[in-house]
Structure formats: structure tokens, C-alpha cells
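In case you want the letters, here they are:
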Amino acid sequence: MPFTLVSTLPRLRAVYAVPRGPERFQAYVDAVVGGAQTTADVAVPPLVAANPMAREHAAAALDAWLALDAEDVAADVLREAAAELDAPPIPVRVGLTLLDDVGGGWTDRLVNDAARFRVGHTLAQTGWVSVPLWTSEPPSLAALRVAVREAAWRAAHVARAGDPRTLRAMLAQEGRAAAFAGCLPTLDADDLAYTRAVIAPHLGSDHQPLTLAAFYGDPGARAWGYAPLGLSPWAGRDVGLDDARRAEGWR
């Protein structure tokens with residue numbers, strides 16, 4: 001199988017078993033970095049963005065995911081996805097990671113979420129793909145299934161096509177990934193039509209403040225410190241998803 005699920009959550013849970021302080025941070029470095037001198041040599045890249053000094057809520061979230069056998073479920077979903085996809089030209093290691101968007105300032109959710117547009121770069125450097133789980137969201141196997149299927153489609157796509165640079169390519173990539181995962185747009189028909197009209201002149205743009213404002217909508221734009229475009233949350237992504245579903249003959 002082109003995708004290999006590597007166990008990562010127990011390793012992070014062992015780090016959180018160490019009391020907060022210098023010893024825990026060293027445990028994190030030992031477990032995640034493993035003495036690497038370059039990005040390509042990092043032991044467990046999916047855990048790089050985990051919060052090594054997270055408080056008890058992160059350990060509790062990990063325990064909940066482990067109780068759901070999340071890694072076994074993710075491995076099953078990867079096998080299912082692999083049977084439906086053209087295999088990527090390189091082997092892909094996949095790891096789940098818990099990102100702490102609740103306590104402390106370690107993890108900026110949007111910054112980490114936007115890594116979806118750099119998967120090709122990361123894959124070429126490390127051979128790994130990360131599937132984020134968020135401390136702000138209750139553990140859900142349904143949500144895990146969506147995240148893993150999106151990650152598998154995205155990895156298979158960017159391994160051949162590379163990372164998207166223009167807004168048009170970003171919407172196409174993420175719309176098709178979300179469609180593959182079985183997602184539905186959250187915007188109604190009027191809002192989708194309005195969003196299309198707003199972003200149409202910018203589809204060829206590769207200007208990050210504009211492309212991210214279009215993809216994430218106004219709440220995301222403001223969080224990034226970019227000028228809003230008058231769009232609903234995740235507006236661009238929903239347009240891409242609607243386009244992908246229409247291309248496949250879905251509504």
C-alpha cells in the first residue's frame with residue numbers, strides 16, 4: 001500500500017506523562033526530533049507542531065483518541081482510500097498529531113491549517129503527511145475519517161502536481177479533497193454565487209494575503225491580519241467543494 005500509518009499518538013502521550021518543565025521539553029525533543037540536524041531527518045515530523053508543554057486538557061484529549069483506537073481506524077481508512085486512488089509515485093508515511101488550539105499560545109490554528117497548501121513540499125522533504133486533531137474539538141471517528149481521506153487524496157495529488165500556487169489551484173485541490181472525503185458545502189446557493197462573483201477576478205492570483213482571505217473568508221482574513229473580502233467563513237473552500245461535486249455529477 002502506498003500509505004503507511006505510523007503510530008505517533010502513544011509517543012506524544014508518553015511525553016505528556018512527564019511533568020511539565022525542562023524534563024518534559026527534553027522528552028519531547030528526544031521523541032520528536034531524535035537528534036536530527038535537518039528537517040529531513042526529524043524522527044516524527046507530524047509531532048513537530050504538537051505543544052510540548054500542553055496542560056492536562058491535551059493529555060485528556062489524547063486519552064480519548066487512544067480509547068477510540070484512532071490509529072487503527074485511520075489505518076483502515078487509508079487502506080480504503082488507497083483502493084480508490086491512483087497510487088502516489090512515492091511511499092507516504094502518515095501520522096496523526098494532536099494540535100493544541102485551546103491552551104497556551106503554542107499553536108495558531110490557521111497557520112497550522114494552511115499547511116494543507118505545503119503538503120507537497122513537506123512530503124518531498126520528509127516523506128510524511130500529518131493528519132491534525134484539535135484539542136478544541138471532541139474526538140470523533142467520523143471527523144477522523146474525513147481528515148484521513150482528505151489527507152490521502154491531497155498527498156496522492158501533490159506528489160504528482162506539486163503544491164497549488166494560485167487561488168484557482170488552491171480551491172481545486174481542497175474542493176476535490178473535501179469531495180473525496182464526503183463533505184458537503186456549508187454555504188447556501190446564494191452565498192456560493194456571491195462568493196464566486198467576489199473571487200472570480202482573483203482566481204489567477206498567487207498573492208498570499210488575497211488567496212488566504214478568499215479561501216478562509218473574513219474571519220480567517222482578520223485572524224491573519226489581511227484585508228477581508230466580505231466573505232463567509234471558509235467561503236472559498238466551499239466554492240471549490242461545490243465545483244468538485246458538480247464536476248462529479250453530485251449536488
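See above for the structure.
Residues numbered from 1 in each chain as written. Predicted model: local features only at pLDDT ≥ 70, side-chain atom pairs only at ≥ 80, totals over all residues. Heavy atoms only, no water.

Moving on to the side chain of T8. Note that T8 resides in the loop between β1 (3-5) and α1 (9-16). Of the polar contacts made by the side chain of T8, one reaches the backbone oxygen of L96; its length is 2.5 Å. What T8 contacts, discounting residues up to four positions off in sequence, is V44, L47, E71, G95, L96 and W128. (Helix = DSSP H or I, 4+ residues; strand = E, 2+ residues; numbered from the N terminus. Polar contact = N/O pair within 3.5 Å; in protein donor to acceptor, adjacent residues only side chain to side chain. Contact = heavy atoms within 4.5 Å.)

Another aspect to go through is unusual backbone geometry. Residues other than glycine seldom take positive phi values, yet D69 does so here, at roughly 55 degrees. Mapped onto the fold, D69 is located in the loop between α3 (56-67) and α4 (70-84). Among the residues examined, D69 registers a relative accessible area of 44% and is labelled partly exposed. Even without a glycine there, the phi angle at W234 is positive, about 60 degrees. (Buried < 20%, exposed > 50% of the residue type's maximum accessible area, 1.4 Å probe, protein only.)

This part takes up the nonpolar core. Note that soluble globular proteins tend to have their nonpolar side chains buried in a common cluster. One finds F3, Y16, L85, V94, L96, L98 and V129 to be the most contacted residues of the largest nonpolar core, which totals 47 residues. By residue number, the principal contributor to this core is helix α7 (residues 141-161), which donates nine residues. In this structure, L98 is in contact with L9, L12, A50, A58, A61, L62, W65, L133, W134 and T135, ignoring residues within four places of it in sequence. Judged by nonpolar contacts, the second largest core, of 20 residues, contains L110, L167, A214 and A221. (Core = buried A, V, L, I, M, F, W, Y, C linked by side-chain atoms within 4.5 Å.)

Moving on to the packing of α4 against α7. When two helices pack together, their arrangement is captured by the angle between the axes and the distance separating the axes. Put simply, α4 and α7 touch, their axes get as near as 9 Å, and they point 45 degrees apart. Taken together, the axis directions place α4 and α7 in an arrangement best described as oblique. Between α4 and α7 lies a crossing whose hand is right-handed. Of the residues in α7, those touching α4 at A70, V73, A74, V77, L78, E80, A81 and E84 are L141, L144, R145, V148, R149 and A152. Class assignment of the residues belonging to the contact of α4 with α7 gives a composition of ten nonpolar, no polar and four charged. (Axes fitted to C-alpha atoms, helices over the stretch in contact; angles between N-to-C directions. Parallel < 35°, antiparallel > 145°, perpendicular 65-115°, else oblique. Left-handed = near helix turned anticlockwise from the far one by under 90°. Nonpolar A, V, L, I, M, F, W, Y, C, P; charged D, E, K, R; others polar.)

Attention shifts here to helix α10 (residues 208-224). Residues spaced three or four apart along an α-helix point in a common direction, a consequence of the helix completing one turn every 3.6 residues. Taking 1.5 Å of rise per residue, the 17 residues of α10 would be expected to cover 24 Å, yet its terminal C-alpha atoms sit only 10 Å apart, more than 12% below that figure. The largest bend in α10 amounts to roughly 135 degrees and is located at G217, with the proline P219 lying one to four residues further along. Within α10, the full set of buried residues consists of L210, T211, L212, A213, A214, F215, Y216, G217, D218, G220 and A221. Directly after α10, the chain includes G225, whose backbone phi takes a positive value near 85 degrees. (Expected span 1.5 Å × (residues − 1). Bend = angle between axes of the 7 residues up to and from the residue.)

Quick look at the sheet that holds strand β3 (residues 128-134) now. Pairing within the open sheet is parallel, and its three strands lie in the order β1-β2-β3. A single partner strand is all that each edge strand has here, and the edge strands are β1 and β3. Taken pair by pair, the neighbouring strands of this sheet meet at an average axis angle of 30 degrees, ignoring direction. As defined by bridge partners, strand β2 (residues 92-99) adjoins β3 across seven bridges and the pair is classed as parallel. Residue pairing in the sheet places T97 in a bridge with P132 of β3. Against the sheet, helix α6 (residues 119-126) contacts β2 and β3, and its axis sits at roughly 125 degrees relative to β3. (Pairing = 2+ DSSP bridges.)

Looking at the secondary structure, you find A43 in the loop between α2 (22-33) and α3. Here A43 falls in the partly exposed class, since its relative accessible area comes to 33%. Residues A43 and R24, spaced 19 residues apart in sequence, show a C-alpha to C-alpha distance of 17 Å. Discounting chain neighbours no more than four positions away, the residues touching A43 are R11, A31, V32, V33, G34 and W128.

Moving on, we come to the packing of helix α8 (residues 167-180) against α10. The N-to-C vectors of α8 and α10 enclose an angle of 35 degrees; their axes lie 10 Å apart at closest approach. Considering how the two elements wind past one another, α8 and α10 form a crossing that is right-handed. Along the contact surface, α8 presents L167, M170, L171 and E174, while α10 presents T211, L212, A214 and F215. In terms of residue class, the contact of α8 with α10 is built from six nonpolar, one polar and one charged.

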